[in-house]
Amino acid sequence: AERSKHPSKVAIVTYLMMNPLFNETPDDPVSQSNVSTSKNDNYSSRVSSRNSKSELFMLIEAKEWFQVLHKIDKNPEDALVGCSVGESSRNASSGSRSLLPLHRACQFRPLVDVVRALIQAAPQAVRCVGGGDWLPIHYACAYGAPKGVIALLIEAFPSSIHVQAKGGTPLQIAECYYEGSQNEKTAVIDVLQHSPTTIIGPNHY
């Protein structure tokens, strides 16, 4: 039988525990100099810097979405490799922050299938923060991701809709920064406002 291209659950867990991207050592001064951690609660994992962009990162920035899907299918572990990139003043006061491919994709109006593939390859990515304590959903809400992407990110991490980062919650960021048509913005805000966790509150999740 043909060997599966995707890593087993055991392999993923082992990789996460050994990978500094998901290092939970808040008192380590060396780690703190290179990572950003959400102050909202303890679910957010850390993202460490990488000096060069992976092929997956470059494909994402080129918006070669079908090649991105092929790359994730061939090398799903690449979804766990972060890279240090410069960010705009809306969420980072200066310098650069380390992002995972999911964060970066959310800055380029990705296809829903791309976001789904990235989440399947690296489920913890939805809980990782970049500049300004932004989760992937904050980036998606600022950079004009379609409503299907927003809905998928909420489904993967329902409580993310309540995370207060620099600039506000995902809803507040969408209202202020969303880069898309007015119709697209209205549709995204509607998804954010009518999410079950928005209606009943974060303590029920």
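Residues numbered from 1 in each chain as written. Predicted model: local features only at pLDDT ≥ 70, side-chain atom pairs only at ≥ 80, totals over all residues. Heavy atoms only, no water.

Draft legend 1. The overall build of the protein chain, seen in detail. In terms of regular secondary structure, the protein chain is built from eleven helices and two strands. Along the protein chain, from the amino end to the carboxyl end, the secondary structure elements read α-α-α-α-β-β-α-α-α-α-α-α-α. Within the protein chain, the proportion of its 205 residues that are buried is 47%. Of the contacts made within the protein chain by residues no fewer than 6 positions apart, 66% connect residues no fewer than 24 positions apart. When the accessible area of the protein chain is evaluated, it comes to approximately 10,300 Å², of which 52% is carbon and sulfur surface. (Helix = DSSP H or I, 4+ residues; strand = E, 2+ residues; numbered from the N terminus. Buried < 20%, exposed > 50% of the residue type's maximum accessible area, 1.4 Å probe, protein only. Contact = heavy atoms within 4.5 Å. Areas by Shrake-Rupley, 256 points an atom, 1.4 Å probe, with all protein chains shown as cover.)

Draft legend 2. Molecular detail of the pattern of salt bridges. Evaluation of the coordinates by the stated rule reveals six salt bridges. In this structure, Asp78 and Lys71 form a salt bridge, with 3.7 Å as the shortest nitrogen-oxygen distance. Here Asp78 and Lys71 have matching classes, each one buried. Where salt bridges share partners, they join Lys53, Glu61 and Arg104 into one cluster. (Salt bridge = Lys/Arg side-chain N within 4 Å of Asp/Glu carboxyl O.)

Draft legend 3. Examining helix H9 (residues 170–177) more closely. Within the sequence span of H9, burial applies to Pro170, Leu171, Ile173 and Ala174. Projected down its long axis, H9 carries its buried residues within an arc of 165°, all on one side. (Arc of directions from axis to C-beta.)

Draft legend 4. Here's a closer look at the nonpolar core. Of all hydrophobic cores here, the largest spans 52 residues; its most connected members are Val68, Leu102, Leu118, Ile150, Leu153 and Leu192. Per-element accounting of this core gives the leading share, six residues, to helix H6 (residues 112–121). Setting aside residues up to four positions removed in sequence, Val68 forms contacts with Leu56, Leu59, Ile60 and Val114. (Core = buried A, V, L, I, M, F, W, Y, C linked by side-chain atoms within 4.5 Å.)

Draft legend 5. Representation of helix H10 (residues 182–193) in the model. Here H10 is twelve residues long and its end C-alpha atoms lie 16 Å apart, about the 16 Å a rise of 1.5 Å per residue gives. Burial in H10 covers these residues: Lys185, Val188, Ile189 and Leu192. Along the axis of H10, the buried residues cluster in a sector spanning 100°; they form a single face. (Expected span 1.5 Å × (residues − 1).)

Draft legend 6. Representation of unusual backbone geometry. Phi is positive for Lys63, which is not a glycine, with a value near 55°. Within the secondary structure, Lys63 is located in the loop between helix H3 (55–61) and helix H4 (65–74). Residue class for Lys63 comes out partly exposed when judged on its relative accessible area of 47%.

Draft legend 7. Broad picture of the side chain of His138. Here His138 is to be found in helix H7 (residues 136–142). The class of His138 is buried, set by a relative accessible area of 0%. Other than its neighbours up to four places away in sequence, His138 contacts Val163, Ala165, Gly168, Thr169, Pro170 and Ile173.

Draft legend 8. Examining the packing of H9 against H10 more closely. Put simply, H9 and H10 touch, their axes get as near as 10 Å, and they point 165° apart. Classed by the angle they form, the pair H9 and H10 counts as roughly antiparallel. Pair H9 / H10 crosses with left-handed handedness. Contacts between H9 and H10 pair Pro170, Leu171, Ala174 and Glu175 from the former with Lys185, Val188, Ile189, Leu192 and Gln193 from the latter. Grouping the constituent residues of the contact of H9 with H10 by class yields six nonpolar, one polar and two charged. (Axes fitted to C-alpha atoms, helices over the stretch in contact; angles between N-to-C directions. Parallel < 35°, antiparallel > 145°, perpendicular 65-115°, else oblique. Left-handed = near helix turned anticlockwise from the far one by under 90°. Nonpolar A, V, L, I, M, F, W, Y, C, P; charged D, E, K, R; others polar.)

Draft legend 9. Layout of the packing of aromatic side chains. Applying the stated rule across the entire model yields two aromatic pairs. Taken together, a centroid distance of 5.2 Å and an interplanar angle of 75° make the contact between Trp134 and Tyr139 edge-to-face. Classification of Tyr139 by relative accessible area gives buried; the value is 0%. Ring centres 6.5 Å apart and planes at 25° place the aromatic pair Tyr139 and Tyr143 in the stacked group. (Phe/Tyr/Trp six-rings, centres within 6.5 Å; stacked < 30°, edge-to-face > 60°.)

Draft legend 10. Molecular detail of the environment of Phe157. Summarising the element assignment, Phe157 is placed in the loop between helix H8 (147–156) and H9. Between the C-alpha atom of Phe157 and that of Arg127, which follows or precedes it by 30 residues, the distance is 7.3 Å.

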